[in-house]
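Each chain is listed here by its residues.
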Amino acid sequence: MAQIFDFDQSATTTIDEFCKEVGHINLDNENEIAALAPELNKLANNQAWMEDFILCGLTEPEIFQADNIYSAQSYMLKAINERAFLRFAIWAPKIFDDNLGEDNFYSYQTAHNHDFSLLTAGYLGEGYSTSLFEIPDHQNVIGYPGEDIDLHFLDQVTLSPRRVILYEAGKDIHIQHEPQSLSVSLNLVVAQPQMDIRQLYYDIDSKKVAGFVANEDIKRGIFFRFSAAMQSQACQNSLNEIALSHGCELTRLYAFKAMAEGSSCTEHLKEMMAADPSKIVKSSIHELNNGVRELSVWG
Ligand SMILES: [Fe+2]
């Protein structure tokens, strides 16, 4: 389960001092990341850097955060090394109706895991609340949409000021709920590429994998679907080549799905998928029966 730390200290530290501490630990080890919780709390106690950051953005708004690949909800504070960085995230109460997709913008209401370790501190406001879930260690998750998952609810907690939470890479599953008031969390993000984690959404009611969290592979897949809709033989040939030989299993899966979109008979595609070395591809054959148009945007 996510580790929760509560502090009652007034000591502060600076971004540079905190980053120095990060440089001293083994980033593969979640316990060593957890041991940084008191230091992250100290950085959250320091209110000065936020004002500096905002003033910087107001001084040169044209270039501010120009290389931020995240949404306007999330801001890069400092790259620490090739695997770790500091950012903060804004969590606001929703103010529009559902048509504007605020749940999507803030990543509210969707159960998900992370493919990175996340040490996060409450910085401002009462904080978002989060429902925590776990999957028993013995369950070997393949990770395809529709897969049954033995998902257990553990607790609901709030990322309040003075609190730090560690979500372990891959392991912890949670839902973020909108806070009552504008809140900010301060995040240490540590990439864990050696763990080869697939980020997934989960349907907690049906206890199934709901879909893949968007990444470059998924973007590619949506483009494949568009190309299949062109009804071109040349496009179909290229998709066939990708489905047979691309090194990324999700890329092959989406090529199969796209080809199914443009085909009246999917039996041959199902045979090809059954012969694919990936368990995710093999386990997704049933999706061709439903037709790509019926799949969720995440599937
Ligand atoms: Fe999350």
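See the structure shown above.
I will try to describe carefully the structure that is included in this document. Note that the coordinates shown come from a computational prediction; the quantities given were computed from them, not determined experimentally.

Another aspect to go through is the coordination of the iron ion. Taken together, H112 (NE2), H114 (NE2), H174 (NE2) and Q176 (OE1) make up the full set of protein donors to the iron ion, lying 2.1 to 2.3 Å away. Around the iron ion sit four donor atoms; with metal-centred angles ranging over 82 to 162°, the donor geometry is irregular. In primary-sequence terms, the residues that donate to the iron ion follow H-x1-H-x59-H-x1-Q. The residues H112 and H114 share a single accessibility class, namely buried.

What follows covers the environment of L186. With respect to the helices and strands, L186 occurs in strand β10 (residues 183-191). Using a relative accessible area of 0% as the deciding quantity, one classes L186 as buried. Counting along the chain gives 64 residues from L186 to G122, while the straight-line C-alpha distance between them is 6.5 Å. Once residues lying within four places of it in the same chain are set aside, the contact partners of L186 are L40, L43, A44, W49, L77, L86, R87, F88, L119, T120, A121 and Y123.

Once that is clear, we can look at the sheet that holds β10. Strand order in this open sheet of six strands is β1-β8-β5-β10-β3-β2, and the pairing throughout is antiparallel. Two strands bound the open sheet, and with one partner strand each, they are β1 (3-6) and β2 (74-79). Each adjacent strand pair in this sheet contributes to an overall mean axis angle of 20°, direction not counted. The pairing of strand β5 (residues 116-124) with strand β8 (residues 163-167) spans four bridges and is classified as antiparallel. Within β8, the position partnered with T120 by the bridge is I165. Here helix α3 (residues 37-45) sits on the sheet in contact with β1, β3 (84-91), β5, β8 and β10, set at roughly 35° to β5.

Our focus in this paragraph is unusual backbone geometry. Of note, the phi angle at R162 is positive, near 80°, even though the residue is not glycine. Relative to the helices and strands, R162 resides in the loop between β7 (152-158) and β8. For R162, a relative accessible area of 39% puts it in the partly exposed group. Notably, Q231 is not glycine yet its phi reads approximately 55°, a positive angle. Among the structural elements, Q231 can be located in the loop between α6 (216-229) and α7 (233-245).

Attention now moves to the pairing of strand β11 (residues 200-203). For strand β4 (residues 111-112) and β11, the ladder comprises two bridges, and the chain directions are antiparallel. Bridge pairing in β11 places H112 opposite Y201. Of the strand pairs in this sheet, β11 and strand β12 (residues 208-212) are connected by four bridges, and their pairing is antiparallel. Pairing of D203 across the sheet is with K208, part of β12. Counted along the chain from β11 to the antiparallel partner β12, the turn is four residues long, and its residue K207 has a positive phi close to 55°.

How each quantity is defined
- Here the residue numbering is sequential within each chain, running from 1 through the sequence in written order.
- Only residues with pLDDT of at least 70 get local features here, since the model is predicted, and only at 80 or more are side-chain atom pairs given and counted; chain-wide, interface and lining totals rely on the full set of residues.
- Excluding hydrogens and water, the side-chain figures rest on all heavy atoms present in the structure.
- Listed donor atoms are N, O and S within 2.8 Å of the metal (Na, K and Ca: 3.2 Å). As water is not included, a site may look incomplete.
- Square planar and octahedral assignments, for four and six donors respectively, both demand that opposite donors be over 155 degrees apart and that all other angles lie between 65 and 115; tetrahedral needs four donors with all angles between 85 and 135 degrees, and anything else is irregular.
- In this scheme, a residue with accessible area under 20% of its type's maximum is buried, one over 50% is exposed, and one in between is partly exposed, where area comes from a 1.4 Å probe on protein chains only.
- Under the DSSP-based scheme used, a helix requires at least four consecutive residues in state H or I and a strand at least two consecutive residues in state E, with every element numbered from the N terminus.
- Between two residues, a contact is recorded if the distance between any of their heavy atoms is within 4.5 Å.
- Here a strand pair is declared whenever DSSP counts at least two bridges between the two strands.
- Lines are fitted to the C-alpha atoms to define the axes, a helix being fitted only along its stretch in contact, and any angle between axes, read from their N-to-C directions, falls within 0 to 180 degrees.

That's the geometry; what it means functionally is another story.
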